[in-house]
Amino acid sequence: TLQSKYGTQVAWFHTTMFDSIGLGVNDEGKGVFKMSYDYQTEVNVVYKVGGYCTVRFALHPYVSDEDQEQQNGQHQAWSDWQHLDCETTYYLNESSDGDEVETVEVNGGSTTTLRNRHEVFISPNEPRTTIGENALCDKDDGFVSLCCLFDPGPTGLEEHLPGKYSSYAPVSKTLGTPEYEAFLQQIAPVDDMIDVLSLAMARGADDESLMKLPQWSIYQEERTKQIRKEGELVAQLASEGNGRERIVGAWRYR
């Protein structure tokens, strides 16, 4: 188990952020991914990029969305935009005990920290920065693929509202809840299917052999569900009229 200097467990996953056009706009009028990791620090190792990608970081003190919307003279200050290429690692390293962290009161007496607020802008239409000779990069659709390391991990559920800065809640808010226990029961056969089929493939099993395994039917069922969910998502995005369906549609399960 990978541990941080605080003795907490570090979790990691791979993810891809798509073209941000059509998302909620920031103070510059750009559609961006808005994130604020108030409960974790994160290291982001970028390994594949398409199009033009940049990130910027909020400077303290933070100005709330409500204050900015009310136009009361307060405006959030930001770092300069930093280009992301296939050899970039960017850090969200404002820790819970850091000097720059703000603490606010929530829920009638408890407190939480405000830290690691940032925005990511991704577009296929602007020139990219120079990249390393051996980097894996594409020139077409805008996207960023990266490996994310969270401390502490695992995280809880992502708290997200359109146009607001999303954050991952502490895992303590998820563990032990009835919803989580029901999810564990629901996902158990899927986890088993992934383990069994992945191990069989790693050992050289061909398609015919995989299809004879009892887990193959679960794979087929889950694949059908995924295709249906993605179709529903594309239809929903199309109804919003922001063009997101074209971007997400290019990444649909085939």
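Whatever comes next refers back to the structure up there.
To start, this report covers the structure provided alongside it.

Conventions we followed
All residue numbers refer to positions counted from 1 along the written sequence of the respective chain. Where totals are concerned, whole chains, interfaces and linings use all residues; where local detail is concerned, this predicted model gives features only for residues with pLDDT of at least 70, and gives and counts side-chain atom pairs only at 80 or more. As a rule here, side-chain values cover all heavy atoms of the structure and leave hydrogens and water aside. The helix count covers DSSP runs of H or I at least four residues long, the strand count covers runs of E at least two residues long, and both are numbered beginning at the N terminus. Whether a residue is buried, partly exposed or exposed follows from its accessible area with a 1.4 Å probe, protein chains only, as a fraction of its type maximum: under 20%, in between, or over 50%, in that order. Two N or O atoms form a polar contact when they lie within 3.5 Å of each other; inside protein one atom must be a possible hydrogen donor and the other a possible acceptor, and for residues adjacent in sequence the pair counts only when both atoms belong to side chains. Every residue pair with non-hydrogen atoms within 4.5 Å of one another is taken to be in contact. Think of a salt bridge as a Lys or Arg side-chain nitrogen and an Asp or Glu carboxyl oxygen that are within 4 Å of each other. Any helix carries an expected span of 1.5 Å times its number of residues minus one. Remark: nonpolar core denotes a set of buried residues (Ala, Val, Leu, Ile, Met, Phe, Trp, Tyr, Cys) joined through side-chain atoms within 4.5 Å.

### Regarding the side chain of Thr-88
Okay, step 1: Within the fold, Thr-88 resides in the loop between strand 5 (82-83) and strand 6 (89-92).
Okay, step 2: A residue is classified by how much of its surface remains accessible, and Thr-88, at 15% relative accessible area, is buried.
Okay, step 3: In terms of polar contacts, Thr-88 uses its side chain to reach the side chain of Asp-85, at 2.9 Å.
Okay, step 4: If we ignore the near neighbours within four places in the chain, the residues touching Thr-88 are Asn-44, Val-45, Val-46 and His-83.

### With respect to the pattern of salt bridges
Okay, step 1: According to the stated counting rule, one finds 5 salt bridges in the structure shown.
Okay, step 2: Its salt-bridge partner being Glu-119, residue Arg-56 comes within 3.0 Å of it at the nearest N-O pair. Of this pair, Arg-56 sits in strand 4 (residues 52-57) while Glu-119 sits in strand 9 (residues 117-123), and the two are 63 residues apart along the sequence. For the pair Arg-56 and Glu-119, a shared accessibility class is recorded, and that class is buried.
Okay, step 3: A salt bridge links Glu-222 to Lys-225, with the shortest nitrogen-to-oxygen separation between them at 3.3 Å. With Glu-222 and Lys-225 both in helix 4 (residues 215-240) and 3 residues apart, the pair spans about one turn of that helix.
Okay, step 4: With relative accessibility at 25%, the residue Glu-222 sits in the partly exposed group.
Okay, step 5: For Lys-225, a relative accessible area of 35% translates into the label partly exposed.
Okay, step 6: Taken together, the shared-partner salt bridges connect Asp-27, Glu-28, Lys-30, Arg-56 and Glu-119 into one network.

### Some points on the environment of Cys-86
Okay, step 1: Looking at the secondary structure, you find Cys-86 in the loop between strand 5 and strand 6.
Okay, step 2: On the accessibility criterion, Cys-86 (7% relative accessible area) is buried.
Okay, step 3: Placed 41 residues apart in sequence, Cys-86 and Val-45 show a C-alpha to C-alpha distance of 8.7 Å.

### Focus on helix 4
Note: α-helices contain 3.6 residues per turn, so residues at a spacing of three or four share the same orientation.
Okay, step 1: With 26 residues, helix 4 extends 38 Å between its outermost C-alpha atoms, agreeing within 8% with the 38 Å of an ideal straight helix rising 1.5 Å per residue.
Okay, step 2: Those residues of helix 4 that are buried are in contact with helix 2 (178-202), helix 3 (207-211) and helix 5 (244-249).
Okay, step 3: One or two positions beyond helix 4, positive phi appears at Gly-241, with a value near 75°.

### Things to note about the nonpolar core
Okay, step 1: Counting residues in each nonpolar core, the largest one holds 20 residues, and the members touching the most others are Met-17, Tyr-90, Val-120, Ile-122 and Leu-146.
Okay, step 2: Among the elements of the structure, strand 2 (33-36), strand 3 (41-50), strand 4, strand 6, strand 9 and strand 11 (143-151) are those that each provide at least two residues to this core.
Okay, step 3: Broken down by element, the residue count for this core peaks at 4 residues, all from strand 11.
Okay, step 4: Membership of the second largest hydrophobic core comes to 6 residues, among which are Val-190, Leu-197, Leu-210 and Trp-216.

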